[in-house]
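Chain by chain, the residues:
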Amino acid sequence: MAVYTDIAEDELKWFLTEYDAGQLLSYKGIAEGVENSNFLLHTSKAPLILTLYEKRVEKSDLPFFLGLMQHLSAGGLSCPLPLPRKDGALLGTLSGRPAALISFLEGMWLRKPEAKHCREVGKALAQMHVAGEGFALTRPNALSLEGWQTLWDKSESRADEVEPGLQNEIRSELNFLRAYWPKDLPDGIIHADLFPDNVFFLGDELSGLIDFYFACNDLLAYDVSICLNAWCFEKDGAYNITKGMQMLEGYQSVRPLNDEEIAALPILSRGSALRFFLTRLYDWLTTPQGAMVTKKDPLEYLHKLRFHRRITSPAEYGLSL
């Protein structure tokens, strides 16, 4: 579920008077996502997404997220746009939560993406990296090396409950990544969470990217590694080199990776696999039984991490060297 805060119709109608959004016709909660409460509104003008920002999202980060969507759209990327209030502000308050109205993006996410879709995702990711240039605000990645250690500190004592020997394995992995994590690669605005449910398609045509609430400043090639992990493994855990090749070719058709970025892909992919393993592990160990949240299996990303550890050449991802 992704509706943590309910809203009353009278409150919502009053909230909408602060916008040039038309009259409310209907609204319903959207049962996807894990961070915020989302509603689909139908108004006399256009459908809109209403987002209530919950406690896990820092209010001080919201100008970055909302301003970034405006900047990326102005740069030619297809993504939702925040609707300004009549006073020009992008943020209001509803049911005691910071709230924003966002334009509705046509399309749906793919449950079974194919190689051709991976190519389009690669192109769109590179387009986002290019469009992000010149954005005035910055936001550090809270889920990079330091953040991984913090998550691990909260989970380490119980890690062997998930799989025997996990404590030693992850401790060793963190030590390796601290020692060898690349520092001098091209950086900029990254999405940091471009999973299939954050990419919309109309048929085989990519219609836009959504959910920029993990976006931050970091290494651009790290964002590529996140997509390799999210899009290019099959249900049985096998890496699909055809999908990887198409994604990387699509990305490089817009923004070619330099030699240092290519050489760093195995380490970056280990890091991004560890990042999602650790957030899943923490949720797996701390989410109460019966909670209205679907817990994701951390072992999926442990298997991906082990795959990347065995990589001996970036060519094994489908790169033409």
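Further up the page is the structure itself.
Report on the accompanying structure. Since this is a predicted model, take the numbers as computed values, not measurements.

**Concerning the sheet that holds strand β1 (residues 24-29)**
Taken in spatial order, the 5 strands of this open sheet run β1-β2-β3-β5-β4, and their pairing is antiparallel. Here the strands that pair on one side only, and so sit at the sheet edges, are β1 and β4 (92-94). Strand-to-strand twist in this sheet, taken as the mean axis angle between neighbours without regard to direction, amounts to 35°. Contacts from helix α1 (residues 9-16) reach β1, β2 (37-43), β3 (48-52), β4 and β5 (97-103) within the one sheet, and its direction differs from that of β1 by about 120°.

**Details of helix α5 (residues 166-180)**
When the terminal C-alpha atoms of α5 are compared, their 21 Å separation across 15 residues agrees well with the 21 Å that a helix rising 1.5 Å per residue should span. All of the buried residues in α5 are Leu166, Glu169, Ile170, Glu173, Leu174 and Leu177. Axial view of α5: buried residues confined to an arc of 130°, hence all on one face. Among the exposed residues of α5, those oriented more than 90 degrees off its buried face are Asn168 and Ala179. Tucked into the core, α5 has its buried residues touching α4 (145-155), α8 (259-286) and α9 (299-309).

**Re the packing of helix α3 (residues 115-131) against helix α6 (residues 220-231)**
Following both chains from N to C, one finds α3 and α6 inclined at 155°, their axes separated by 11 Å at the closest point. Taken together, the axes of α3 and α6 lie roughly antiparallel to each other. Between α3 and α6 lies a crossing of right-handed hand. For the pair formed by α3 and α6, the contact residues are Cys118, Val121, Leu125 and His129 on the first element and Leu220, Asp223, Val224, Cys227 and Trp231 on the second. Looking at the contact of α3 with α6 residue by residue, the classes come out as 7 nonpolar, 1 polar and 1 charged.

**Points about the state of the cysteines**
Tallied over the entire structure, the rule returns 0 disulfides. The closest cysteine sulfur to the non-disulfide-bonded Cys79 is located on Cys227, 15 Å from its own sulfur. On the basis of relative accessible area, Cys79 is assigned to the buried category, the value being 9%. Cys232 takes part in no disulfide bond, and the closest cysteine sulfur to it belongs to Cys118, at a distance of 4.6 Å.

Calculation notes
Residues numbered from 1 in each chain as written. Predicted model: local features only at pLDDT ≥ 70, side-chain atom pairs only at ≥ 80, totals over all residues. Heavy atoms only, no water. Pairing = 2+ DSSP bridges. Helix = DSSP H or I, 4+ residues; strand = E, 2+ residues; numbered from the N terminus. Axes fitted to C-alpha atoms, helices over the stretch in contact; angles between N-to-C directions. Contact = heavy atoms within 4.5 Å. Expected span 1.5 Å × (residues − 1). Buried < 20%, exposed > 50% of the residue type's maximum accessible area, 1.4 Å probe, protein only. Arc of directions from axis to C-beta. Parallel < 35°, antiparallel > 145°, perpendicular 65-115°, else oblique. Left-handed = near helix turned anticlockwise from the far one by under 90°. Nonpolar A, V, L, I, M, F, W, Y, C, P; charged D, E, K, R; others polar. Disulfide = S-S within 2.5 Å.

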